[in-house]
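# Coordinate analysis (summary)
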Amino acid sequence: MVESLCVCVEATPALGAVRNLNVHEYISMELMNAHGIATPSGYVASTPEEAENIYMQKFQKAGEPMKDVVIKAQVLSGGRGLGTFKNGFKGGVHMVTKPGQAREYAEQMLGQELVTKQAPNGIICNKVFLMERMYLRREMYLSILMDRASQGPLMVASPRGGTSIEDVAASNPEIIFTEPIDLELGIQDGQCERVATNLGLEEGSESHAKAVTLMKNLYTMFMGCDCTQIEVNPLAETPDGEVVVCDAKVNFDDNAQFRQTSIFDRRDTSQEDSREVAASKYDLNYIGLDGTIGCMVNGAGLAMATMDIIQLKGGSPANFLDVGGGANETQVQKAFEILNADPRVKAILVNIFGGIMRCDVIATGIINAAKEIGIRKPIVVRLQGTNVEEGKTLIEGCGFRMILADDLDDAAAKAVGVADIASQAEKIQVGVKFEGFEM
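Notes on the structure follow. Model, not experiment: these values are computed from the prediction.

### Considering the overall build of the protein chain
If you tally the helices and strands in the protein chain, you get 13 helices and 23 strands. With the C-alpha coordinates of the protein chain rotated into their principal frame, the extents come out at 80 × 50 × 40 Å. Counting across all 439 residues of the protein chain, residues that qualify as buried make up 49%. For the protein chain, the share of sequence-separated contacts (at least 6 apart) that also reach a separation of at least 24 residues comes to 69%. Here the protein chain displays about 20,400 Å² of accessible surface, and carbon together with sulfur accounts for 49% of that area. Here the protein chain holds 40 positive side-chain charges and 59 negative ones, and the gap between their average locations is 5 Å.

Right under this line is the structure:
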C-alpha cells in the first residue's frame, strides 16, 4: 500500500560517503531517450553561433509559425532559473521567441559563472541546452532513489511538480507518496498503477497507461546504469495525453565506474571543486569546505572529531581529508600538496593515530612534499600509534620547521592560533613570518 509521508532527499553526500557522479541535463535526457523515456527534443551548444543555428535549423520549418525554444545554462546546480551570472545577466533559463535571441542569451551565459542558492560561489557555464517548449496540462514530481530505511530503491511521487519538493514536503506532506521496490522482484505493475493514480492521472486513461510504462523504463535505467538517484521535476502531462520528462537530475554510483565507463567518461570536472578533482585522482577521501585550517587525518571518525575540536577552539576547517589506513607515501605527498596549494588554508593540521597507517609513512610523505614544493604554511603535527617515535624523529631531523603536538587538544589550539594570526595579517595587508615558514 502506498504511504503518504515527508521524505527528505539529501542532495549532497555526507562526509566520508561515496561520491556520486552527477551529469548535465542534456546527458540525462540522452540516457532517458535511450531507455524509451519520452523527453522534449533538445540540442546542446557550445558557442553562441551554434545555439542560433540550432534554433533556426533544428526547431523551425519553412512555411510554419516560429516555435518557441527554452535555452538552459548547463551547470550542475539547482535553481538555475533564479540564479544570476557574475556578469550581471539574470537567470540561467530563458525563452527564445525570435531570431537572434538564442545567440544573444548564449553570449551572456557561455564562459560566465552562474551564482545560485546551491552554488553561491558560482559555477562556470560551458554549454547551453536548447529544448522544445512544452505546453503542459499538469506538472508532477517523480523520483527513484536508494533508500536506507527500506534498504533498496524507493519511488517518490507527488501530484505537485515544477517546484521544490522540499517546499512541498514542508507545506503538504500528505501529497508525497512513496513505494519501496523489492530488489529481487523489481518494480511491479500494481506499484506503478498506484503511483500513476496518486499523481492525479485518471485510471484507464491513455496518460495513466503511459505513466506506468515510463516508470518501468525509468526503473530499468536506474538499475541498468547503476544510478543512486533519478529525479524528474517536472514530469508533465501534455494536452494531447503524452507523459514527458521535462527536467531531470541523475546521479550514478562511483563504485560502478568500471562497468559504466561510457557515462563516467562524460564527467565534467569543470563543474567540481578543483581540490576534490585533484584528490580523486589519487583515491583520497576529500571534501572541500570554506575554512582556514587544512586537515589531513586517517580515519573518517577521527577526521570529523578533528573538525569538531577545531570549531570548539574557534577555528574553521578548510576540508575533510581522510587518507585512509592503506595510504602510501605518494598519496600522503599529494594530499599535502593539495592543502598547501589551497589559498584558503592558513595553517595545516596533521592528526594521525597510527594503526594500519604508520606514522613514519605520513612523516615521509610530508617531508617529500616539503622538499618538492617547499613549506609555505605553518604545519601542526600530532602523531600517535604505530612507529610514532620513528615518525617524530624523521620530522625533527628533516630540516623543515614543523610544530609538534602531543595531543589533539593542543594541536587544534596551536593550528587555530597560527591560522588566526595569518588571517589577521592578510586582512591588514601585512606580511607575517613564522620561524621556518614564509607567509
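Moving on from the model shown.
### A look at the environment of Q60
Residue position: Q60 is located in the loop between α2 (48–57) and β4 (69–73). It is 70 Å that separates the C-alpha atoms of Q60 and G391, two residues lying 331 residues apart in sequence. Discounting residues that sit within four places of it in the chain, Q60 has contacts with Y55, P65, M66 and K67. One polar contact links the side chain of Q60 to the main-chain carbonyl oxygen of Y55, over a distance of 3.4 Å.

### So, the sheet that holds strand β5 (residues 84–85)
Within the open sheet, the three strands sit side by side as β5-β7-β8. Their pairing is antiparallel. A strand with exactly one partner marks an edge of an open sheet, and here the two such strands are β5 and β8 (123–124).

### What to know about helix α3 (residues 101–109)
Turning to α3, its buried residues are Q101, A102, Y105, A106 and M109. Around the axis of α3, the buried residues are gathered within 125° of arc, so they sit on the same side. Where α3 is buried, its residues touch α2, β4, β5, β6 (93–96) and β9 (128–132).

### Brief notes about the packing of α2 against α3
For the pair α2 and α3, interaxial distance at closest approach is 8 Å and the crossing angle is 150°. Judged by the inter-axis angle, α2 sits roughly antiparallel to α3. The handedness of the crossing between α2 and α3 comes out as right-handed. Residues P48, A51, E52 and Y55 of α2 form the contact with α3, whose own contacting residues are Q101, A102, R103, A106 and E107. Here the contact of α2 with α3 is built from residues that sort into five nonpolar, one polar and three charged.

### Describing helix α1 (residues 25–34)
Counting buried residues in α1 gives seven out of 10 residues, a clear majority hidden from the surface. With its phi angle positive at about 75°, G36 sits one or two positions after the end of α1.

### Some details on the side chain of K72
Mapped onto the secondary structure, K72 falls in strand β4. Classification of K72 as buried rests on a relative accessible area of 6%. There is a polar contact of 2.8 Å between the side chain of K72 and the side chain of E25. If we skip the residues at most four places from it in the chain, K72 touches E25, R80, G92, V93, K127, V128, F129, M131, C246 and D247.

### Quick notes on unusual backbone geometry
Peptide bonds are mostly trans, and most non-glycine residues show a negative phi. Here the amide bond leading from N233 into P234 is cis, since omega sits at 10°, within 30 degrees of zero. Its identity is not glycine, yet D226 carries a phi of approximately 55°, on the positive side. By relative accessible area, D226 is classed as buried at 14%. Despite not being glycine, N387 has its phi angle at roughly 60°, a positive value.

### Section: the packing of aromatic side chains
Evaluated as defined, the whole model comprises four aromatic pairs. Here Y26 and F129 contribute two aromatic rings whose centre-to-centre distance is 6.5 Å and whose plane-to-plane angle is 40°, an arrangement assigned as tilted. One end of the pair, Y26, is in helix α1; the other, F129, is in strand β9, and 103 residues separate them in sequence. Across this residue pair, the class does not change: Y26 and F129 are buried. With a centroid separation of 6.1 Å and 40° between ring planes, the pair formed by F89 and Y105 is classed as tilted. Taken together, the positions of F89 in the loop between β5 and β6 and Y105 in helix α3 put the pair 16 residues apart, joining distant regions of the chain. Neither residue differs from the other here; F89 and Y105 are each classed as buried.

### Topic: the pairing of β6
Of the two faces of β6, the one lined by H94 and V96 is fully buried and the one lined by V93 and M95 carries no buried residue. Note that β4 and β6 share four bridges and pair antiparallel. Bridge pairing in β6 places K72 opposite V93.

### Some remarks on the packing of helix α10 (residues 329–341) against helix α11 (residues 359–373)
Axis separation between α10 and α11 bottoms out at 8 Å; the angle between their running directions is 55°. Classified by the angle their axes make, α10 and α11 are oblique. Between α10 and α11 lies a crossing of right-handed hand. Contacts from E329, V332, Q333, F336, E337 and N340 of α10 reach α11 at V361, I362, T364, G365, I366, N368, A369, A370, E372 and I373. Class assignment for the residues of the contact of α10 with α11 results in eight nonpolar, five polar and three charged.

### Some words on the sheet that holds β6
Overall, antiparallel pairing links the four strands, which are arranged β3-β9-β4-β6 in an open sheet. Taken across any chain shown, the strands that pair with only one partner, and hence form the sheet edges, are β3 (42–45) and β6. Sheet twist, expressed as the average angle between the axes of neighbouring strands with direction ignored, equals 25°. With four bridges connecting them, β3 and β9 associate as antiparallel partners. Its bridge partner lying in β9, V44 is registered against F129. The sheet strands contacting α1 are β3, β4 and β9, and the helix crosses β9 at an angle near 45°. Across the face of the sheet, α3 comes into contact with β4, β6 and β9 while running at roughly 160° to β6.

Calculation criteria
- Residues numbered from 1 in each chain as written.
- Predicted model: local features only at pLDDT ≥ 70, side-chain atom pairs only at ≥ 80, totals over all residues.
- Heavy atoms only, no water.
- Helix = DSSP H or I, 4+ residues; strand = E, 2+ residues; numbered from the N terminus.
- Buried < 20%, exposed > 50% of the residue type's maximum accessible area, 1.4 Å probe, protein only.
- Contact = heavy atoms within 4.5 Å.
- Areas by Shrake-Rupley, 256 points an atom, 1.4 Å probe, with all protein chains shown as cover.
- Lys, Arg positive; Asp, Glu negative; His and termini not counted.
- Charge placed at Lys NZ, Arg CZ, Asp CG, Glu CD.
- Polar contact = N/O pair within 3.5 Å; in protein donor to acceptor, adjacent residues only side chain to side chain.
- Pairing = 2+ DSSP bridges.
- Arc of directions from axis to C-beta.
- Axes fitted to C-alpha atoms, helices over the stretch in contact; angles between N-to-C directions.
- Parallel < 35°, antiparallel > 145°, perpendicular 65-115°, else oblique.
- Left-handed = near helix turned anticlockwise from the far one by under 90°.
- Nonpolar A, V, L, I, M, F, W, Y, C, P; charged D, E, K, R; others polar.
- Phe/Tyr/Trp six-rings, centres within 6.5 Å; stacked < 30°, edge-to-face > 60°.

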